[in-house]
Amino acid sequence: MSDTIKRRETMRATMAPDVYSGPNCDQHTPRWIGSADGDMDGDGEVGTDGIIRFAAHNFPLGTVITVSEPECPKCGCIPQDIGDQPDGSGGWSAKWECECDFDWRAFTEDRIS
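First things first, this report covers the structure right here in the doc.

Calculation criteria
Residues numbered from 1 in each chain as written. Predicted model: local features only at pLDDT ≥ 70, side-chain atom pairs only at ≥ 80, totals over all residues. Heavy atoms only, no water. Disulfide = S-S within 2.5 Å. Buried < 20%, exposed > 50% of the residue type's maximum accessible area, 1.4 Å probe, protein only. Helix = DSSP H or I, 4+ residues; strand = E, 2+ residues; numbered from the N terminus. Polar contact = N/O pair within 3.5 Å; in protein donor to acceptor, adjacent residues only side chain to side chain. Contact = heavy atoms within 4.5 Å. Salt bridge = Lys/Arg side-chain N within 4 Å of Asp/Glu carboxyl O.

Linking two cysteines covalently through their sulfur atoms gives a disulfide. Across all of its chains, the model carries zero disulfides by this definition. In this model C77 remains outside any disulfide bridge; the closest cysteine sulfur is found in C75, 3.4 Å from its own. Given the relative accessible area of 11%, C77 is considered buried. In this structure C98 is a free cysteine whose sulfur lies 3.6 Å from that of C72, the closest cysteine sulfur available. Residue classification places C98 among the buried residues on the basis of a relative accessible area of 16%.

As structure tokens, then:
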């Protein structure tokens, strides 16, 4: 198996302060504006209620965060999380599936161990 993992950008967020915040609409409040593949209405605010753990106030205007996910080396799709599944040893682990029968668990163990 190749050491190169093909990736696809699926999400992005840009630091774009709310320049009309505060009681007098004259304060700048840092926030992330973002979008993801499949969004119906384009950009949306993700910094106030979303779970991005990069504090917007630590970055200047225009900073961009991108998420690029691995494509399946067999079928080219982005795997989907189908929830935690029994791992065979009494524990649980994340289970990833895609359109083919690619073994993401074995792939992960091969890459990490």
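Here the narrative resumes.
Mapped onto the secondary structure, T10 falls in strand β1 (residues 7–15). Polar contacts involving the side chain of T10 include one to the side chain of E69, which spans 2.6 Å. Dropping the residues within four chain positions of it, T10 is found in contact with S35, A36, D37, V67, E69 and I78.

Two side chains bearing opposite charge may form a pair once their charged atoms approach each other closely. Overall, the coordinates contain four salt bridges when judged by the stated rule. Linking K6 and E71 is a salt bridge whose minimum nitrogen-to-oxygen distance equals 4.0 Å. Pair noted here: K6 is in the segment before β1 and E71 is in the loop between β6 (64–70) and β7 (80–86), with a separation of 65 residues, a long-range link. Here E71 makes a salt bridge to R8, at a shortest N to O gap of 2.9 Å.

Don't take any of this as a statement about function, it's just geometry.
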